Amino acid sequence: MGTDLDQLLRSLRVWDPDVTDLPAFDPDTAPAEPLALFARWFAQAVAAGQTEPHTMSLATADGAGLPDVRTVMLHGADADGWAFASHSHSRKGAHLAGRPYAALGFYWPVLGRQVRVRGPVTAAPSGEGQADLHARSTGALAAALTGRQSEVLGSLGELARASEDAWERARREPDVPVPSWTLYRLRPDEVEFFQGDERRRHVRLAYRRTAGGWDRELLWP
């Protein structure tokens, strides 16, 4: 007999045409480099009402090659790469210090689209990281000031006290530096765009960096 979880999973439908209108994607019309297509798809996801389209999965590996993944926020994307931020002493920061290579995954179900990005990661100069942090909300600064990311927490009460102190300081000193806060940039070697299709004829377009620019190829779904 199936479990409640099994039954729930089997009741779900992917890209039900009654609630999802999947757009067409003609790869022949795609630009020569992936950033322009990413910017176009991102704007379309926002326009379609996708919740938190700027969140993405970030995959890293530790010194033994064991993978880890978490959801983070995209801080920008330009010719220098796709940007995100964290404390340098966090788990992801430690992974990137030892193995400076990562993968990103975006999923925008309202359009049946995914974007996958993979490449080497570098840390931006400290000043850029601090400028990025201080351009964000008081809450973002307070969270950064709370610090100790990925360390063992003794109790929720301990977190509440540290958070209250951090909020007070963030309001009092909106330009206070957080030395461990680091802006990372992933410079892609590969970027794949996936457009879902109701009949499972998904379109996958992969860009691969070359010495002279980008090669493009279609992949079987």
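Scroll up for the structure.
Residues numbered from 1 in each chain as written. Predicted model: local features only at pLDDT ≥ 70, side-chain atom pairs only at ≥ 80, totals over all residues. Heavy atoms only, no water.

> What is the right way to read the overall build of the chain from this model?
When helices and strands are tallied, the chain shows 6 helices and 10 strands. Seen through its C-alpha atoms, the chain measures out along the principal axes to roughly 55 × 55 × 40 Å. Restricting to contacts in the chain with at least 6 residues of sequence separation, those with at least 24 account for 64%. When the accessible area of the chain is evaluated, it comes to approximately 12,900 Å², of which 53% is carbon and sulfur surface. (Helix = DSSP H or I, 4+ residues; strand = E, 2+ residues; numbered from the N terminus. Contact = heavy atoms within 4.5 Å. Areas by Shrake-Rupley, 256 points an atom, 1.4 Å probe, with all protein chains shown as cover.)

> Teacher, can you tell me more about the side chain of Ser 86 here?
Its location among the elements puts Ser 86 in strand 4 (residues 81-87). At 2.9 Å, the side chain of Ser 86 and the side chain of Ser 90 are in polar contact. With residues near it in sequence (within four places) discarded, Ser 86 still touches Lys 92, Gln 149, Ser 180, Trp 181, Thr 182 and Tyr 184. (Polar contact = N/O pair within 3.5 Å; in protein donor to acceptor, adjacent residues only side chain to side chain.)

> Explain the packing of helix 5 (residues 138-146) against helix 6 (residues 156-172) here, please?
Two packed helices can be described by the angle between their axes and the distance between those axes. Viewed as axis vectors pointing N to C, helix 5 and helix 6 meet at an angle of 125°, and their least axial separation amounts to 8 Å. Considering their axes alone, helix 5 and helix 6 lie oblique with respect to each other. Taken as a pair, helix 5 and helix 6 cross one another with a handedness that is right-handed. Residues Thr 138, Gly 139, Leu 141, Ala 142, Leu 145 and Thr 146 of helix 5 touch helix 6, and the partners they reach there are Leu 159, Ala 162, Ser 163, Ala 166, Trp 167, Arg 169, Ala 170 and Arg 171. When grouped by side-chain class, the residues that make up the contact of helix 5 with helix 6 number 8 nonpolar, 4 polar and 2 charged. (Axes fitted to C-alpha atoms, helices over the stretch in contact; angles between N-to-C directions. Parallel < 35°, antiparallel > 145°, perpendicular 65-115°, else oblique. Left-handed = near helix turned anticlockwise from the far one by under 90°. Nonpolar A, V, L, I, M, F, W, Y, C, P; charged D, E, K, R; others polar.)

> Looking at this model, I keep getting lost on helix 4 (residues 126-134). Mind explaining?
Helical periodicity: at 3.6 residues per turn, an α-helix aligns residues three or four positions apart in one direction. Those residues of helix 4 that sit buried are Gly 129, Gln 130, Asp 132 and Leu 133. Down the axis of helix 4, the smallest arc covering the buried residues is 160°, so these residues share one side. Structurally, helix 4 contributes buried residues whose contacts are with strand 4, helix 5 and strand 7 (181-186). (Buried < 20%, exposed > 50% of the residue type's maximum accessible area, 1.4 Å probe, protein only. Arc of directions from axis to C-beta.)

> In this structure, what is going on with the pairing of strand 1 (residues 55-61)? I would like to understand it.
One ladder, built from 7 bridges, connects strand 1 with strand 2 (residues 67-73); its direction is antiparallel. Among the inter-strand pairings, Ala 59 is bridged to a residue of strand 2, identified as Val 69. Hairpin geometry of strand 1 and strand 2 is characterised by an intervening segment of 5 residues between the two adjacent antiparallel strands and by a positive phi of about 85° at Gly 65. (Pairing = 2+ DSSP bridges.)

> So what exactly am I meant to see when it comes to unusual backbone geometry here?
A negative phi angle characterises most non-glycine residues, just as the trans form characterises most peptide bonds. One non-glycine residue, Glu 52, adopts positive backbone phi at about 45°. Assignment of secondary structure puts Glu 52 in the loop between helix 2 (34-47) and strand 1. Phi at Arg 148 is positive, roughly 60°, even though this residue is not glycine.

> Can you walk me through the packing of aromatic side chains in this structure?
For any pair of aromatic rings, the description consists of the separation of the ring centres together with the inter-plane angle of the planes. Scanning all chains against the criterion turns up 11 aromatic pairs. Ring geometry for Phe 38 and Trp 82: centres 5.3 Å apart, planes at 75°, overall edge-to-face. Taken together, the residues span a long stretch of sequence, with Phe 38 in helix 2 and Trp 82 in strand 4 at a distance of 44 residues. Residues Phe 38 and Trp 82 agree in their burial class; the two are buried. (Phe/Tyr/Trp six-rings, centres within 6.5 Å; stacked < 30°, edge-to-face > 60°.)

> Is there a simple way to explain the pattern of salt bridges in this structure?
On inspection of all chains with the given rule, the structure shows 14 salt bridges. Its salt-bridge partner being Arg 204, residue Glu 192 comes within 2.7 Å of it at the nearest N-O pair. One end of the pair, Glu 192, is in strand 8 (residues 190-195); the other, Arg 204, is in strand 9 (residues 203-210), and 12 residues separate them in sequence. The salt bridge involving Arg 208 is made with Glu 217; its shortest N-O contact spans 2.4 Å. Assessed through its relative accessible area of 30%, Arg 208 is described here as partly exposed. On the accessibility criterion, Glu 217 (36% relative accessible area) is partly exposed. Through salt bridges with shared partners, a single network forms among Arg 118, Glu 190, Arg 208 and Glu 217. (Salt bridge = Lys/Arg side-chain N within 4 Å of Asp/Glu carboxyl O.)

> Would you mind showing me how to read helix 3 (residues 91-98) here?
Along helix 3, the residues classified as buried are Lys 92, Gly 93, His 95 and Leu 96. Along the long axis of helix 3, the arc covered by the buried residues comes to 160°, so they all point the same way. Those residues of helix 3 that are exposed and aimed more than 90 degrees away from the buried face are Ala 97 and Gly 98. Elements that come into contact with the buried residues of helix 3 comprise strand 1, strand 2, strand 4, strand 5 (101-108), strand 6 (113-123) and strand 7.

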